[in-house]
Each structure stands twice: as structure tokens, then as C-alpha cells.
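Coordinates in review
Here are the chains, one letter per residue:
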Amino acid sequence: MFPLIEESEKTDLKNLEDGFEVLRQAFPEFRLSKVHGKMRPADKEAEMQKFVSGETQILVATTVIEVGVNVPNASVMVILDAQRFGLSQLHQLRGRVGRGADQSYCILVTGVKLADDTRKRIDIMCETNDGFRIAEADLKLRGPGDLEGTQQSGMAFDLKIADIARDGQLVQMARDEAQLVIDDDPACTSERYALLWHRLRQLRKTNVNWAAIS
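Predicted model, so just to flag it, every value in this text is computed and none were measured.

With that settled, the discussion passes to the overall build of the protein. A count of helices and strands for the protein gives 7 helices and 4 strands. Of all 214 residues assigned to the protein, the portion counted as buried reaches 27%. Taking all contacts inside the protein whose residues are at least 6 apart in sequence as the whole, residues at least 24 apart take part in 53%. Taken as a whole, the protein presents about 15000 Å² of accessible surface, with 51% of it coming from carbon and sulfur.

Listed below in C-alpha cells is the structure:
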């Protein structure tokens, strides 16, 4: 699995086109298929079917194989420059092997020098196959992003007490209580919750018209 299709002057990451030739020379006894996002759908499907049927024994690919590929006989995956991928994507890619009865392996190849967060991601992948634990770790490392904007990671809003990754049960309890209040006073006009609505309006300077989002 390669992060790039072709060589780029902007990065020294491994690329599929060069890698395909290297692998073809390294394994002359095997036939190879290659699949990437610039290929026509019919060509990609034809190459995949060769691999599924066993006509080719090695599949050289980019992340186009992340989902929807089911080859029970595939037992070894090598992900080059694995530090370039997030936890969820690595977990999805790893799921392409181990779908049959044979012992399977996913090998993550990285450079020697890694940032602390990157090393944590790789360590987590090596420690567990549990998708729930990986998703929780991904949330802690990346942050939840911004529901109302375009920020896809980090902490886009200021929680005064809770940590959305660490305090999942507390956040869920607060959500359940908030839902009970909304069910009891959907128009936000009841005197019973007047102090709550007043404080909420103070905290939220703007209202989002969710109906306008398509």
C-alpha cells in the first residue's frame, strides 16, 4: 500500500509507480496487479478481479482499497509511510487482510524520526485490533473538530469541565438531561427553565439555522 501514485518533488514519500517496478523485479516468480485512483473504474475492477481469482498474487495499491475489498486469501499487507495515515484509515486498511482462515499480518513501515503523536498512533495500531479502542484513541489524539464549522480536528469549542474524549459517560448523561428538558419545554418558554434558557442565550451569542444545511 503506497501513499502516492507518482513521484512528487514536494515529498520523499514512496510512490506506487516506482514501487510497482521494484516489486516486479524483487518477485519475478509472482504476477502483480496495481490499483489506484487515476485508473478508469473498469480497469480497476479488472485488476482487482485478477487478484481475487489468484491470477495475480501481489496487489500494489493506494488507499482506493480502503473499503469494499473482500479477498479472503489475502494474508499480508505492507503499508508504506504509515505515519501519513490517521488511526481510522489505518484500521480500515488493515481490515482488508485477515478476512479468511489463514493467519494474517499487517506491517506498518515508517521513518525512524516520528513526532510524539505519530508514534502514539503507530503504537496503538500495534497494541489492539479493537475498533472501539482505536476510535476512542483517535478522538483523544485529534480532538472532535467543529460541528458548526469546517475544522475537522482539535478542540473547536470550550468545555469548562468535561473532556469529550475522557468523560464520555458524563457527556452522555448531560445530553440525556438536556433532552429531557427539551422534551418538557420544546418552545423554551417555560418559567420552570427560565434561568437555564437565559444562561444558554448568554453562552450562545449566535443561533445556527440547522435547517439551512443541505
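There's more to say after this.
On to the state of the cysteines, then. Evaluated as defined, the whole model comprises 0 disulfides. Cysteine C126 is unpaired, with the sulfur of C106 as its nearest cysteine sulfur at 8.9 Å.

So, on to the environment of W197. Examined against the element boundaries, W197 turns out to sit in helix 7 (residues 194–203). For W197, a relative accessible area of 8% puts it in the buried group. With residues near it in sequence (within four places) discarded, W197 still touches V181, D185, C188, T189 and S190.

By volume, the second largest pocket is sized at about 730 Å³. Looking at the lining of the second largest pocket, the elements with two or more residues in it are helix 1 (16–26), helix 2 (41–53), strand 2 (58–61) and strand 3 (76–80). For the lining of the second largest pocket, the per-class residue count stands at 21 nonpolar, 7 polar and 1 charged.

Before going further, it helps to examine helix 3 (residues 87–94). Buried residues of helix 3: L87, L90, L93 and R94, and no others. Seen end-on, helix 3 carries its buried residues on one side only, within an arc spanning 125°.

A separate point is the pattern of salt bridges. A side chain of one charge can pair with a side chain of the opposite charge if their charged atoms are brought near each other. What the rule picks out here adds up to 5 salt bridges. The residue E21 makes a salt bridge to R24 at a minimum N-O spacing of 2.7 Å. Separated by 3 residues within a single helix, E21 and R24 lie in helix 1, roughly one turn from each other.

Turning our attention to the nonpolar core. Counting residues in each nonpolar core, the largest one holds 23 residues, and the members touching the most others are L59, I65, I79 and L90. At the level of elements, helix 2, strand 2, strand 3, helix 3, helix 4 (116–127) and helix 5 (131–142) are the ones that each hand at least two residues to this core. If you look at the next biggest cluster of nonpolar residues, it comprises 7 residues, including F2, L32, I58 and V60.

Of the strand pairs in this sheet, strand 1 (residues 32–35) and strand 2 are connected by 4 bridges, and their pairing is parallel. Following the sheet pairing, K34 is matched in strand 2 by V60. You can see the chain leave strand 1, run along helix 2 and come back into strand 2, and the turn it takes is right-handed.

A few words on the side chain of D185. Mapped onto the elements of the fold, D185 is located in the loop between helix 6 (168–184) and helix 7. For the buried residue D185, which engages in no salt bridge, the nearest side chain bearing the opposite charge is R201, 7.6 Å off. With near-sequence residues (within four places) excluded, D185 lies in contact with S190, Y193 and W197.

Quick look at the packing of aromatic side chains now. One pass over the full model with this rule turns up 1 aromatic pair. Both rings, one in F27 and one in F30, keep their centres 6.2 Å apart while their planes meet at 45°; by these two values the pair is tilted. When its relative accessible area of 32% is taken as the criterion, F27 is described as partly exposed.

Further remarks concern helix 1. Of the residues making up helix 1, those classed as buried are L16, G19 and F20. Buried residues of helix 1 fall within an arc of 105° about the axis and therefore sit on the same side. Facing away from the buried side of helix 1 by over 90 degrees, the exposed positions are V22 and Q25. The secondary structure elements touched by the buried residues of helix 1 are strand 1 and strand 2.

Calculation notes
Along each chain, residues carry numbers from 1 onward, in the same order as the chain's sequence is written. Residues qualify for local features only when their pLDDT is at least 70, as the model is predicted, and side-chain atom pairs are given and counted only at 80 or more; totals for whole chains, interfaces and linings, by contrast, use all residues. Think of the side-chain values as coming from all heavy atoms in the structure, minus any hydrogens and water. Here a helix means four or more residues in a row that DSSP labels H or I, a strand means two or more in a row labelled E, and each is numbered from the N terminus. Three labels apply to residues, based on accessible area from a 1.4 Å probe with only protein chains included: buried if under 20% of the type maximum, exposed if over 50%, partly exposed otherwise in between. The contact criterion used is simple: two residues touch if any of their non-hydrogen atoms lie within 4.5 Å. Here the Shrake-Rupley method, with its probe set to 1.4 Å, supplies the accessible areas, and only the displayed protein chains count as covering residues. Whenever a pair of cysteine sulfur atoms sits within 2.5 Å, that pair is classed as a disulfide. Think of a 1 Å grid over the protein atoms and nothing else: a 1.4 Å probe that fits but is trapped marks a cavity, an open set flanked by protein within 12 Å on at least five of seven lines marks a pocket, and residues with an atom within 4 Å of a point count as lining. Grid points are joined across faces, edges and corners, and a volume is the space filled by probe spheres set on the points. Ten residues, namely Ala, Val, Leu, Ile, Met, Phe, Trp, Tyr, Cys and Pro, are considered nonpolar, four, namely Asp, Glu, Lys and Arg, are considered charged, and the remaining ones, Gly among them, are considered polar. Directions drawn from the helix axis to the C-beta atoms are what define this arc. Whenever Lys or Arg places a side-chain nitrogen within 4 Å of a carboxyl oxygen from Asp or Glu, that contact is recorded as a salt bridge. As used here, the term nonpolar core means buried Ala, Val, Leu, Ile, Met, Phe, Trp, Tyr and Cys residues forming a set that is joined through side-chain atoms within 4.5 Å. Strand pairing follows a simple DSSP-based rule, namely that at least 2 bridges must link the two strands. By convention, a crossover is right-handed whenever its connection, traced from the first strand over the helix to the second and viewed with the strands pointing away, goes clockwise. Note that His is not counted, nor are the chain ends; the positive residues are Lys and Arg, and the negative ones are Asp and Glu. When the centres of two rings from Phe, Tyr and Trp lie within 6.5 Å, Trp using its six-membered ring, the rings pair. Their planes under 30 degrees apart give stacked, over 60 give edge-to-face, and anything left gives tilted.

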